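The primary structure of each chain is shown beneath.
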Amino acid sequence: QSALTQPASVSGSPGQSITISCTGTSNNIGSYILVSWYQQHPGKAPTLILYEVSRRPSGVSDRFSGSKSGNTASLTISGLQADDEADYYCCSYEHRSNVLFGGGTKLTVL
Amino acid sequence: QLQLQESGPGLVKPSETLSLTCIVSGGSISSTSSYWGWIRQPPGKGLEWIGSIFYTGNTYYNPSLKSRVTISVDTSKNQFALILNSVTAADAALYFCARGVVGALSHFDNWGQGTLVAVSS
């Protein structure tokens, strides 16, 4: 199976909004709401920021939002802050009990 | 507060077996709402799901690794384990254990700090 496709990098200035896309197929993102997003700062473990496409775990800022259209899921971060600079990974359930991660997107806050 | 801690040798020889353990504290590994998973990350690269297990022993594996992977659970010790056979340099990575949510294999809401495994003779 192939990883989900994410842009390698995105950037934005403080206060701006950015969107990270995550493209899969009809076997994963296109057929399930089981899409999650993870934030990973350098040298740290990933942390869950969205699950079931757009739901936020307790304690996660509402500046993080998610959506899905067809085979593509998206993560939007509004009001960019310096601490948002990190790697972001999407993750989806796939047919027959498989789990796929995206290749990761490096967010730079300018 | 749920905590997960990986442990195991930091160096494995090519063709040999990698064995890691994840100790769960602050919660029961027999929770009916939890899966327990292994995810790895080669240096400078992205995340790869290895597999997940329910406390009953029911397992799910990444098809690309399935022939070499065994995940097991020990409810008496509140821990679960990963065995990866016939390792190569491509298996060198930071290995994470994580708590997954039943009904959503792709949902990992609690992670260990990770343990780095090198493969070298």
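Heads up: the structure comes first, above all this text.
Throughout, a residue's number is its position along its own chain's written sequence, starting from 1. Labels are handed out in written order, letters beginning with A for the chains and numbers beginning with 1 for the ligands. The predicted nature of this model means local features are confined to residues of pLDDT at least 70 and side-chain atom pairs, given and counted, to a pLDDT of 80 or more, with totals for whole chains, interfaces and linings taken over all residues. Values shown for side chains rest on all heavy atoms present in the structure; no hydrogens or waters enter the calculation.

Trainee: Help me out: how do you make sense of the overall build of chain B in this one?
Mentor: Secondary structure counts use DSSP, requiring at least four H or I residues in a row for a helix and at least two E residues in a row for a strand, with both numbered from the N terminus. The helix and strand inventory of chain B stands at zero helices and eleven strands. The N-to-C order of helical and strand elements in chain B reads β-β-β-β-β-β-β-β-β-β-β. Just to be clear, the radius of gyration here is over C-alpha atoms, and the globule rule we use is 2.2 Å times residues to the power 0.38. What you see for chain B is a C-alpha radius of gyration of 13 Å, in line with the 14 Å of a compact globule of 121 residues. In terms of overall dimensions, chain B has C-alpha extents of about 40 × 25 × 25 Å along its principal axes. Partly exposed residues are those whose accessible area sits between 20% and 50% of the maximum for their type, while under 20% is buried and over 50% is exposed, using a 1.4 Å probe and protein chains only. The burial tally for chain B puts 50% of its 121 residues in the buried class. Residues are treated as being in contact if the distance between any of their heavy atoms lies within 4.5 Å. Taking the contacts inside chain B whose residues are at least 6 apart along the sequence as the reference set, 55% of them involve residues at least 24 apart. Element-wise, carbon and sulfur atoms account for 49% of the exposed surface of chain B, whose accessible area totals about 5,200 Å². Charge assignment: positive for Lys and Arg, negative for Asp and Glu; neither His nor the chain ends contribute. The location of each charge is read from NZ of Lys, CZ of Arg, CG of Asp or CD of Glu. Positive and negative side-chain charges in chain B, numbering 7 and 6 respectively, have mean positions lying 4 Å apart. To measure how exposed things are, a 1.4 Å probe is used in the Shrake-Rupley method; for residues, cover is taken only from the protein chains shown.

Trainee: Hey, could you run me through the pairing of strand β1 (residues 9-12) of chain A in this one?
Mentor: Residue and element names in this part refer to chain A. Residues Val10 and Gly12 line the buried face of β1, whereas the alternating positions Ser9 and Ser11 sit on a face that is not buried. For β1 and strand β9 (residues 105-109), the ladder comprises four bridges, and the chain directions are parallel. The residue of β9 that forms the bridge with Ser9 is Lys106. Following DSSP output, two strands are said to pair if at least two bridges run between them.

Trainee: Please explain the sheet that holds strand β8 (residues 79-84) of chain B as it appears in this structure.
Mentor: All names here are of chain B. Sheet architecture is open: four strands sit in the order β1-β3-β8-β7, paired in antiparallel fashion. Every interior strand has two partners, whereas the edge strands, β1 (3-7) and β7 (69-74), have only one. The average undirected angle you get between the axes of adjacent strands in this sheet is 20 degrees. By the bridge criterion, five bridges tie β1 to strand β3 (residues 18-25) in an arrangement that is antiparallel. Bridge pairing in β3 links Leu4 to Val24. Here an angle of 0 to 180 degrees is reported between the N-to-C directions of two axes, which are lines fitted to C-alpha atoms, with helices fitted over the stretch in contact.

Trainee: I tried to follow the interface of chain B and chain A on my own but got confused; where do I start?
Mentor: Size of an interface, as often reported, equals the accessible area lost when the parts are brought together. The interface is formed by 22 residues belonging to chain B together with 20 residues belonging to chain A. Once two parts are brought into contact, the accessible area they lose, counted with a 1.4 Å probe and summed over both, makes up the buried area. Across the chain B/chain A interface, buried area totals approximately 1,600 Å², and carbon plus sulfur atoms make up 64% of it. Any carboxyl oxygen of Asp or Glu within 4 Å of a side-chain nitrogen of Lys or Arg constitutes a salt bridge here. The interface formed by chain B and chain A includes zero salt bridges. Between N or O atoms, a polar contact is any pair within 3.5 Å; within protein, one atom must be a potential hydrogen donor and the other a potential acceptor, and residues adjacent in sequence are included only when both atoms are from side chains. The interface formed by chain B and chain A holds seven residue pairs in polar contact (both at pLDDT 80 or more) in total. When contributions to the side of chain B that touches chain A are tallied by element, the ones reaching two or more residues are β4 (34-41), β5 (48-53) and β10 (104-111) of chain B. At seven residues, β10(B) tops the list of elements feeding residues into the side of chain B that touches chain A.

Trainee: Is there a simple way to explain the state of the cysteines in this structure?
Mentor: As used in these notes, a disulfide is a covalent bond between sulfur atoms, one from each of two cysteines. What counts as a disulfide here is a pair of cysteine sulfur atoms lying within 2.5 Å. Inspection of the entire model under this criterion finds two disulfides over all chains. Disulfide pairing is shown between A:Cys22 and A:Cys90; the S-S distance is 2.0 Å. As the torsion about the S-S bond is roughly 75 degrees, the A:Cys22-A:Cys90 disulfide counts as right-handed. Placement of A:Cys22 in strand β2 (residues 18-23) and of A:Cys90 in strand β7 (residues 86-94) is noted, with a sequence separation of 68 residues between them. Neither residue differs from the other here; A:Cys22 and A:Cys90 are each classed as buried. Between the sulfur of B:Cys22 and that of B:Cys97 lies a disulfide, 2.1 Å long from S to S. The disulfide joining B:Cys22 to B:Cys97 has a torsion of about 60 degrees about its S-S bond and is therefore right-handed. Note that B:Cys22 is positioned in strand β3 and B:Cys97 in strand β9 (residues 93-101), a separation of 75 residues in sequence. Of the cysteine sulfurs around A:Cys91, a residue in no disulfide, the closest is that of A:Cys90, at 7.7 Å.

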